[in-house]
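An overview of the molecular structure
Below, each chain spelled out in residue letters.
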Amino acid sequence: MRRVTDDRKGSPRRGPGPARAEERAAPPVASTGRVRRHPLLRRRRVVVGAHTVDVRGTFDPARPPVVLVHGIGMSGAYFLRLADELAVTRDVYALDLPGYGTTPKPRQPLSVAELGEAAAGAVAALGLSRPVLVGQSMGCQVVVDAVRDHPGLCSGYVLVGPTVDPDAPSRPAQAWRLLRDTLREPPRTNALVLRDYLRMGPLRYLRTTRSMVRDRIEEDIRGCTVPGLIVRGGRDPIAPHDWVRRLARAAPDARVVEIPGAPHNVQHTDPKELAAACAPFLDACRPARRPDGSA
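As the structure is a prediction and not an experimental result, all values here were calculated from the model. (Residues numbered from 1 in each chain as written. Predicted model: local features only at pLDDT ≥ 70, side-chain atom pairs only at ≥ 80, totals over all residues. Heavy atoms only, no water.)

**Focus on a positive patch on the surface**
Operational definition: Here a patch means residues that are over 30% exposed by relative accessible area and free of salt bridges, tied together within 9 Å if like-charged and within 5 Å if nonpolar (Val, Leu, Ile, Met, Phe, Trp, Tyr). Computed with the Shrake-Rupley method and a 1.4 Å probe, the accessible areas treat only the protein chains shown as cover for residues. Salt bridges are defined as contacts in which a side-chain nitrogen from Lys or Arg sits within 4 Å of a carboxyl oxygen from Asp or Glu. Charged residues are defined narrowly, with Lys and Arg counted positive, Asp and Glu counted negative, and His plus the chain ends left uncounted. Here the site of a charge means NZ on Lys, CZ on Arg, CG on Asp, or CD on Glu. Residue burial is assigned from relative accessible area. The probe radius is 1.4 Å, only protein chains are included, and a residue is buried under 20% of its type maximum, exposed over 50%, and partly exposed in between.
On the surface, Arg171, Arg207, Arg210 and Arg214 cluster together into a patch of positive charge. Residue class for arginine 210 comes out partly exposed when judged on its relative accessible area of 35%.

**Here we look at the layout of surface pockets**
So the rule is basically this: Buried and open spaces are told apart on a 1 Å grid over the protein atoms alone, a cavity being a set of points where a 1.4 Å probe fits but cannot get out and a pocket being an open set with protein on both sides within 12 Å along at least five of seven lines. Residues with an atom within 4 Å of a point are the lining residues. Grid points are joined across faces, edges and corners, and a volume is the space filled by probe spheres set on the points. Under the scheme used here, helices are H or I runs from DSSP no shorter than 4 residues and strands are E runs no shorter than 2 residues, and both carry numbers assigned from the N terminus. Lys, Arg, Asp and Glu make up the charged group, whereas Ala, Val, Leu, Ile, Met, Phe, Trp, Tyr, Cys and Pro make up the nonpolar group; the residues left over, Gly among them, are polar.
Within this model, the largest pocket holds a volume of roughly 420 Å³. Considering the residues around the largest pocket, the lining is formed by 25 residues, among which Ile72, Leu178, Tyr197, Tyr205 and Ile238 are closest to the centre. Looking at the lining of the largest pocket, the elements that each hand over two or more residues are helix H4 (171-182), helix H5 (187-200) and helix H6 (202-214). Partitioned by chemical class, the residues of the lining of the largest pocket number 12 nonpolar, 10 polar and 3 charged.

**Some points on H6**
As a reminder, the rule being used: Expected span of a helix, by definition, is 1.5 Å for each gap between consecutive residues, and there is one gap fewer than residues. Contacts are residue-level and defined by heavy atoms, with any inter-residue pair within 4.5 Å sufficient.
Between its terminal C-alpha atoms H6 stretches 19 Å, which fits the 18 Å expected from 13 residues at 1.5 Å a residue. Taken as a whole, H6 has its buried residues at Arg204, Tyr205, Thr208, Thr209, Ser211, Met212 and Val213. Those residues of H6 hidden inside the fold are in contact with helix H2 (112-125), helix H3 (138-149), H4 and H5.

**Comments concerning the confidence of the model for the chain**
Filter applied, for reference: A residue's pLDDT is simply how confident the predictor is in it, with values from 0 to 100.
When pLDDT is averaged along the chain, the result is 88, and 84% of the positions lie at 70 or above. Low confidence marks residues 288-293, where pLDDT is under 50. Its contacts with residues over four positions away, or in another chain, come to 22 contacts.

**Quick word on the pairing of strand E4 (residues 51-57)**
The line we're drawing: Paired strands, as defined in this entry, are two strands with at least two bridges between them according to DSSP.
Of all 7 residues that make up E4, 6 are buried, and the element is covered over most of its length. The antiparallel pairing of strand E3 (residues 38-48) with E4 creates a hairpin that spans 2 residues between the two strands, and glycine 49 there sits at a positive phi of about 60°. Relative to strand E6 (residues 91-96), E4 runs antiparallel, the two being bridged by 4 bridges. When the sheet's bridge partners are listed, glycine 57 is paired in E6 with tyrosine 93.

**As for the nonpolar core**
Put simply, the rule is: In this description, a nonpolar core means a group of buried Ala, Val, Leu, Ile, Met, Phe, Trp, Tyr and Cys residues linked to one another through side-chain atoms lying within 4.5 Å.
The biggest cluster of nonpolar side chains holds 54 residues, and the ones touching the most others in it are Leu95, Leu97, Leu133, Tyr157, Leu159 and Ile221. Broken down by element, this core gets its largest block of residues, 8 residues, from H2. Residues contacting leucine 133, with those up to four places away along its chain left out, are Val67, Val123, Val143, Ala146, Val147, Leu153, Cys154, Gly156, Tyr157 and Val158. Among the nonpolar cores identified, the runner-up in size contains 33 residues, and Ala87, Ala262, Ala277 and Cys278 belong to it.

**Description of helix H10 (residues 271-284)**
Given 3.6 residues to a turn, an α-helix orients residues that are three or four positions apart in the same direction. This is how the line gets drawn: Bend is the name given here to the angle between axes fitted to two runs of seven residues, the run ending at a residue and the run starting at it.
Relative to the 20 Å expected for 14 residues at 1.5 Å per residue, H10 spans 20 Å between its end C-alpha atoms, a close match to the ideal helical length. Its maximal kink placed at cysteine 278, H10 deviates by approximately 40°, while the proline proline 280 follows within four residues. Residues of H10 that are buried: Pro271, Glu273, Leu274, Ala275, Ala277, Cys278, Phe281 and Leu282.

**Here's the deal with the packing of aromatic side chains**
The cut-off we apply is this: Centres within 6.5 Å are what make two rings of Phe, Tyr or Trp a pair, Trp counting through its six-membered ring; a difference in plane orientation under 30 degrees is then read as stacked, over 60 as edge-to-face, and the rest as tilted. Look at NZ for Lys and CZ for Arg. If either is within 6 Å of the ring centre and within 35 degrees of the ring normal, a charge sits over the ring.
The final tally for this structure, using the stated rule, is 3 aromatic pairs. Centre to centre, the rings of phenylalanine 59 and tyrosine 93 are 5.1 Å apart; their planes meet at 85°, and the pair counts as edge-to-face. Linking phenylalanine 59 in the loop between E4 and strand E5 (65-69) with tyrosine 93 in strand E6, this pair joins segments that are 34 residues apart in sequence. By relative accessible area, which is 12% here, phenylalanine 59 ends up buried. You can call tyrosine 93 buried: its relative accessible area is 2%. Relative to tyrosine 205, the ring of tyrosine 197 has its centre 4.9 Å away and its plane inclined at 55°; by these criteria the two rings are tilted. The ring of phenylalanine 59 has arginine 44 lying over it, and the distance from NZ or CZ to the ring centre is 4.1 Å.

In structure tokens:
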């Protein structure tokens, strides 16, 4: 196992009060069975406003919940190896946001802000109270928007390989970093990424990148008052060392952990190391309680 380096800023603290009553929506509306090769996970579809969100989860209210939010073009599938690690002790949910993975495609691709609303809506539709939200790549921007705009939604957040570094603020600059990372990812990770990109479609992908590069996570994170953890792989060209530390300094309460030798998609290439790196933070976040009072 790789040694994980930890750059602390502040410490996890007790977050805001319980989720508002209006955020506690009905339980999942449809179940579609187990997830192949991941026996602890089941599939369900929830309705979030005018959209649907597909979920792979453990649906175990006796454990503290963690919600996994994917990046641009991707789906919850690239979180499944991490979900297996976390599911040993936690109630885990990997989302397919509207237009991604197996969910129906909206007429127009959703912006980062709209995806943040969908993620927050999925938390409510699943009946979760104060989970930890985990975003990866553009999913970090989605998570930050959801946390900022919905006080009391979560007990903490984790950003893995956050975008967009202001030193590379254009689509060509991000594409160049993505190409460099592709050369560092193992073939099975690249195959998964390519499959999901093709499923989304190139036009939707390009339209979404416009919203991605315009979004200012370094400004939005100032409104995230719950504790945060920012994680990067040591060989991640999309989320460089200096960028994640600047982002952590912009947050009211966040620290940085680095996993040496890992690329951008550390949740898929190094799930054990990532789970171990997140474990102290997850343990320190305020234990979530369901609307029915269970832990």
